[in-house]
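# Reading the structure
Chain residues, written in single-letter form:
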Amino acid sequence: MTEAVPAASASATREPWRDRGLPVAERVADLLDRMTPEEKAGQLAGYWAMPAEPGAPVAPMEDDSHELAPTLDEVIDRGLGQLTRVYGTVPVPAAESAARLRELQHRVAAANRFGIPAIAHEECLNGFMTWGATVFPSPPAWGATFDAGLVGEMAAAIGASMRAAGVHQGLAPVLDVVRDPRWGRTEECIGEDPYLVSVLGTAYVQGLERSGIVSTLKHFAGYSASRAGRNMAPTPIGPREFADVIVEPFVMALRDGGARSVMHSYTDVDGMPAAADERLLTGLLRDQLGLTGIVVADYFGISFLQSRHRVAASRGDAAALALRAGIDMELPTVRCYGTPLIEQVRQGAVPEELLDRAAARVLTLKAELGLLDGPPADGDGAALDLDPPEHRALARRLAEESVVLLANDGGALPLRSGSGVVLAGPLAEDPFAMMGCYTFPSHVGRQHPELPLGVEIPTLAEALRDELPGVRVAGSEDVLVADDADIDAAVAAARDAELCVLALGDRAGLFGRGTSGEGCDAETLALPGRQAELAAAVLGTGTPTVVVLLTGRPYALGDIADRAAAVVQAFLPGEEGGRAVAGVLAGRVEPSGRMPISVPRSPTGPPVTYLRSKMDGSHDWSEVDPAPLFPFGHGLTWTRFEYGGLRVGGPAGTDGSVKVSAVVRNTGDRPGTEVVQLYLSDPVASVVRPVRWLAGWARVRLEPGDAARVEFDVHADRTSFTGPDLRRIVEPGEIGVHVGGSSADTPLEDSFTLEGPVRVLGADRVLSVPVEVTLL
């Protein structure tokens, strides 16, 4: 039974902040005037109401204090800002979590004198992260689709489920641009190109916000560029790379996406932790990029200013640094923004104006969400269906579009029948091969092996048998392949088969409990454990072998790809991933995915990303060749495409635009989808520029013999960069044009000229390249 919220007195009903007809700013200002410092601080605090076990940490050592969090009763009397992951912490049915959330909201509202409930947030990167909810493909799979519309549909579906469950805020998307795929959180990233991340990330934001859920951009900024790809390591990059690569996706997601929340990064850039960087979180994020919502702490990030970054001597010092920098809310539970912050304010060490500033932002968001008007009406949690058929169908569509056919030199695919085919490898019968770290079964469910997964997740073996009856399975359970017997069994099965499908890859987990995921960084890009040895042994049998990779990052495939009959890549493709991959293998599904991250040849070579300068590429002054095995944008289909008819407009002014178009034709005998990609280059610039960068793309599906003209409208702003004085500029001069099927396959090349003065850009710069497809 929930506690009743105290009825408002007659005088209280006349308080301006209670008047829904007044502008939000007036309501918030009036409410702040009535609050004590303790009540204002209460609005900045989160509370993790349901730890995995009483007192047990979810992350290692939590905030390094070895202390239990305060109880809810100890913090709610002054109000509460957020409730953390009521759904996403323990495996219970949705109806039970909904009832728990309603109870908590009534307790929070009843305990404070204003009757204000909390914002409820959940993780939602791969779907609403709760037991029984749809598990969608991971972000690299979104990137592989090059399909912003489909990503937006997915986000809207996720948001609809969360909204129906009483959730207000989602901690997604991750907009970190991959710089070193050894980083364990690569599986949370869309890709290695900032424009691809910008467009798809913004589509996700728009879908989530359209559903009424507050989208939280992560992680601002520089996390993915940490030294040696190690989680939370320092980020050794300069201001130009930081601006032109790392920050770019946040620009579009804020301006065009309308994101209302941003989460800071754990890392420090040039010695400055993001959580304490006022120039970053206020000067850049708010004053320049225009965030008007809230900045939330990554979990325990404020405490880390004391315990890990060591720029604060106490929790009070950490709170002061974070509040001054611009962090409005401490998550997941109150540590620094409780008594330590209040004492700082009472002593005059922290101006109360900073407390007011953060509280006003939180209360403004609560007003937008209707939370100043009391707890939401109780819904029917029993009616929640978090994995409805339409969401599963959407998950399958996205998974199917994300599968990348890397190589098919032996013509082994599509498979003709299941007869004579054996499926081997450690991922053949593993449902966890389909799921990233931030899916409920991987994140929480693996700690409860006695319970079912919560949703149906067909393995590759099950799905391939459905597609092609007669397939034999000789899988193993150890993803690291630590046992010689596993290798021997796979070799024996391959020798007795006409064709072998070898399933390799990752099992995602947290902090060393997986081969991919948060805290699961890799020393090299060799396949996990002895998988490369297993592949070599199977390939050595002489049986044609199709290698299927179910991974969270790209792995070095040089020797494997050279000997395989075909190679298929899927990035942790979700609950329908097994059926999607099996559909491609059997030929039912047209492969249309393209690589959002380059595939290296050598596991110990330098990190591979196509976005590199001439001197950072192959040259005769170094014996180390960083060229990828499969480049960014690469992917094959069942058919062939030819390019021609390139038209390039110009010249144009440094504030003008140029039309670039080309014709693509299906010259094969099967339908197929080509991802037509436009790259630009800047042969002579005032600073070192990448050899080429992605400027636009279009997914074009063509029947055999059909053709289409794809036209890009390239504004001069899309050639801009951070200049010598660190201002963003457009320079006059020649701009190269490259059109084709990947960053390394551009058969059509030309250039146009920009004329006029150097132009300094403002906040209204053009961020995207519109594209139009006309069937011929």
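The structure we're discussing is the one just above.
Quick caveat, the model's predicted, so the values are computed rather than measured. (Residues numbered from 1 in each chain as written. Predicted model: local features only at pLDDT ≥ 70, side-chain atom pairs only at ≥ 80, totals over all residues. Heavy atoms only, no water.)

This part is about helix α10 (residues 248–255). In terms of burial, α10 is a largely internal element, seven of the eight residues being buried. Residues E248, P249, F250, V251, M252, A253 and L254 constitute the buried set of α10. Its buried side turned inward, α10 meets α8 (194–210), β5 (214–220), α9 (239–246), β6 (261–264), α11 (278–288) and β23 (728–730). (Buried < 20%, exposed > 50% of the residue type's maximum accessible area, 1.4 Å probe, protein only. Helix = DSSP H or I, 4+ residues; strand = E, 2+ residues; numbered from the N terminus. Contact = heavy atoms within 4.5 Å.)

With an omega dihedral of 5°, the bond running from A172 to P173 counts as a cis peptide bond. Note that P173 resides in the loop between β4 (169–170) and α8. Following K218, the chain continues into H219 via a peptide bond in cis, with omega recorded as -10°. In the Ramachandran plot, L572 falls in the positive-phi region, its phi being about 35° despite a non-glycine side chain. Within the fold, L572 resides in the loop between β15 (566–571) and α22 (577–586).

Now for the environment of P628. By secondary structure assignment, the location of P628 is in the loop between α22 and β16 (641–648). Along the primary structure P628 and T673 are separated by 45 residues, whereas in three dimensions their C-alpha atoms are 24 Å apart. Beyond its immediate stretch of four places on either side in the chain, P628 contacts S598, V599 and V608.

Turning our attention to the state of the cysteines. The term disulfide refers to a covalent linkage connecting the sulfur atoms of a pair of cysteines. Per the counting criterion, the structure on display carries zero disulfides. With no disulfide partner, C124 has as its closest neighbouring cysteine sulfur the one in C437, 15 Å distant. A disulfide-free cysteine, C189 has its sulfur positioned 12 Å from the sulfur of C437, the nearest such atom. Given a relative accessible area of 0%, C189 falls into the buried group. (Disulfide = S-S within 2.5 Å.)

Scanning the entire structure with this criterion turns up 47 salt bridges. One salt bridge in this structure joins R113 and E39, with 2.4 Å as the shortest N-O distance. Of this pair, R113 sits in the loop between α5 (94–111) and β3 (119–122) while E39 sits in helix α3 (residues 37–42), placing them 74 residues apart in sequence. Look at R113 and you get exposed, because its relative accessible area is 52%. Close ionic contact of E352 with K40 constitutes a salt bridge, the shortest N to O distance being 2.9 Å. Residue E352 is found in helix α15 (residues 352–368), and its partner K40 is found in helix α3; the two are separated by 312 residues along the sequence. (Salt bridge = Lys/Arg side-chain N within 4 Å of Asp/Glu carboxyl O.)

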